[in-house]
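Coordinate analysis (summary)
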Amino acid sequence: MASASRAEDDRGEVARGCFVYAVVRAGMPEARDAPAGLDDVPLRLVVEGDVAAVVNDVLLDRPPGRRADLMAYQRVLDHLAAQGPVVPVQFGSMLLDDDDVRDGVLGPDEPRLVALLDDLEGRSQYQLRATYVPGVPLTEILSLDPTVAALREQTKDRSELESHADRVELGRRVAAAMEDLRAFDADVLLDAVLPFVVDHVIVLGTDLEGLATFSLLVDDERVAELEAQLEELAEAVHERIRLALTGPSAPFDFVGGA
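**Quick look at the overall build of the protein**
Each helix and strand in the protein was counted, giving seven helices and nine strands. A compact globule built from 258 residues would reach a C-alpha radius of gyration of about 18 Å, whereas the protein, at 24 Å, exceeds it by more than 25%. Principal axes of the C-alpha set define a box for the protein whose edges measure 75 × 45 × 30 Å. Counting across all 258 residues of the protein, residues that qualify as buried make up 39%. Within the protein, contacts between residues at least 6 apart in sequence are counted, and of these 73% link residues at least 24 apart. Approximately 13,800 Å² of the protein is accessible, and the part contributed by carbon and sulfur atoms is 50%.

Below you can see the structure in the form of structure tokens.
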């Protein structure tokens, strides 16, 4: 996105720009009824062909990136996503005027945006967060790998200086074992939800309790099936893994960096 840097217009007055939230279908009336955007300014549509950008006018010299701005951005996108297909635009995208929005966002990309909106019709993003019950991964690693268990015993009652080399090796082995454990468990969880989703993105955890976060694109008509499947799955794995499903939300992870 082009960055707006002009703070005043030619008459010395404070200039305004367009803060861009998302792209929707040009005929989506609900976009006009969305909650107010940044600085409680009403939203409006900038239309180009079959698509429209949801924007609101803001002062260019205002402080950028405040927490209230992010909350307003998320509030608008949640509303839009509940009404129909929406392609979120990266937070903080500010352009100078409507022509800039048409030239920089809509016009060059209209065919791709139309195809994206078609593909997202009747679908929403959900997020499944999987975490380990505290202590479970390390206990399992110690029981499965005698070398790790031995290193842990060797370092337990020795100073860090005396056991430095063993501690480094212990950390390396635990980290490698955690990677294997996460990958295995993530595959098991994914296999359980794949029949109910259209697309998915996985981000594996990085600490002893983090397993993975799954972004799931789901047909609206299959959400109840997915929830029922996850309830059964959560019961089956509750001694090792905790599952939390949130959504629906705008499909941030399935729009190809729009």
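What follows picks up the thread again.
**Brief notes about the confidence of the model for the protein**
Regions with low pLDDT carry predicted coordinates that are not meant to be interpreted in detail. With 91% of its residues at a pLDDT of at least 70, the protein reaches an overall mean of 86. Within the model, pLDDT remains below 50 along residues 1–12, and this stretch shows 22 contacts once partners closer than five positions in the same chain are excluded.

**So, the nonpolar core**
Membership of the largest hydrophobic core comes to 31 residues, with the highest contact counts inside it found for V193, L211, F214, L216, V218 and L226. Where this core is concerned, the elements lending two or more residues are β6 (123–132), α4 (136–144), α5 (146–156), α6 (164–193), β8 (210–219) and α7 (223–237). Take this core: its biggest share by element is 10 residues, from α6. Excluding its chain neighbours within four sequence positions, the residues that come into contact with V218 are G122, R123, S124, Y126, F196, V197, V223 and L226.

**Brief notes about the pairing of β8**
Burial of β8 is extensive: eight of the 10 residues sit out of reach of the surface. Here β6 pairs with β8 via nine bridges, running antiparallel. Looking at β8, one finds that Q127 is bridged to S215. Bridge count between strand β7 (residues 199–204) and β8: six bridges; the pairing is antiparallel.

**Some remarks on the pattern of salt bridges**
In this structure the tally under the stated criterion is 16 salt bridges. The salt bridge partner of E140 is R240, with a shortest N-O separation of 2.6 Å. In this pair, E140 is assigned in helix α4 and R240 in the loop between α7 and β9 (241–249), connecting sequence segments 100 residues apart. For the salt bridge of R222 with E225, the shortest nitrogen-to-oxygen distance reads 3.0 Å. Overall, R222 belongs to the partly exposed group, its relative accessible area being 26%. For E225, a relative accessible area of 36% corresponds to the partly exposed category.

**So, α4**
Three or more residues of α4 are buried, namely V136, P137, E140, I141 and L142. Where α4 is buried, its residues contact β6, α5 and α6.

**Some thoughts on unusual backbone geometry**
Here the residue pair G247 and P248 is connected by a cis peptide bond, since its omega of 5 degrees sits within 30 degrees of zero. Within the secondary structure, P248 is located in strand β9. A positive phi angle, close to 60 degrees, is found at D40, a residue other than glycine. In this structure D40 comes out as exposed when scored by relative accessible area, which is 63%.

**What to know about the environment of L43**
When you line up the elements, L43 lands in the loop between β1 (16–25) and β2 (44–48). On a C-alpha basis, the gap between L43 and F19 in space is 9.6 Å, while along the polypeptide they are 24 residues apart.

**Observations concerning the sheet that holds β9**
The strand order β7-β8-β6-β9 describes an open sheet built from four strands, whose pairing is antiparallel. Every other strand in the sheet has two partners, leaving β7 and β9 as the edge strands with one partner each. Each adjacent strand pair in this sheet contributes to an overall mean axis angle of 15 degrees, direction not counted.

**Considering empty space enclosed by the protein**
Per the counting criterion, the structure on display carries one cavity of 30 Å³ or more. Its boundaries defined by the atoms lining it, the largest cavity holds a volume of some 40 Å³. Forming the boundary of the largest cavity are A81, G84, P85, V86, L120, R123, S124, S249 and P251. For the lining of the largest cavity, the class distribution of residues is five nonpolar, three polar and one charged.

What counts, and where the lines are drawn
Residues numbered from 1 in each chain as written. Predicted model: local features only at pLDDT ≥ 70, side-chain atom pairs only at ≥ 80, totals over all residues. Heavy atoms only, no water. Helix = DSSP H or I, 4+ residues; strand = E, 2+ residues; numbered from the N terminus. Rg over C-alpha atoms; globule rule 2.2 N^0.38 Å. Buried < 20%, exposed > 50% of the residue type's maximum accessible area, 1.4 Å probe, protein only. Contact = heavy atoms within 4.5 Å. Areas by Shrake-Rupley, 256 points an atom, 1.4 Å probe, with all protein chains shown as cover. pLDDT = per-residue confidence, 0-100. Core = buried A, V, L, I, M, F, W, Y, C linked by side-chain atoms within 4.5 Å. Pairing = 2+ DSSP bridges. Salt bridge = Lys/Arg side-chain N within 4 Å of Asp/Glu carboxyl O. Axes fitted to C-alpha atoms, helices over the stretch in contact; angles between N-to-C directions. 1 Å grid on protein atoms, 1.4 Å probe; cavity = no way out; pocket = protein on both sides within 12 Å on 5 of 7 lines; lining within 4 Å. Points joined across faces, edges and corners; volume = space filled by probe spheres on them. Nonpolar A, V, L, I, M, F, W, Y, C, P; charged D, E, K, R; others polar.

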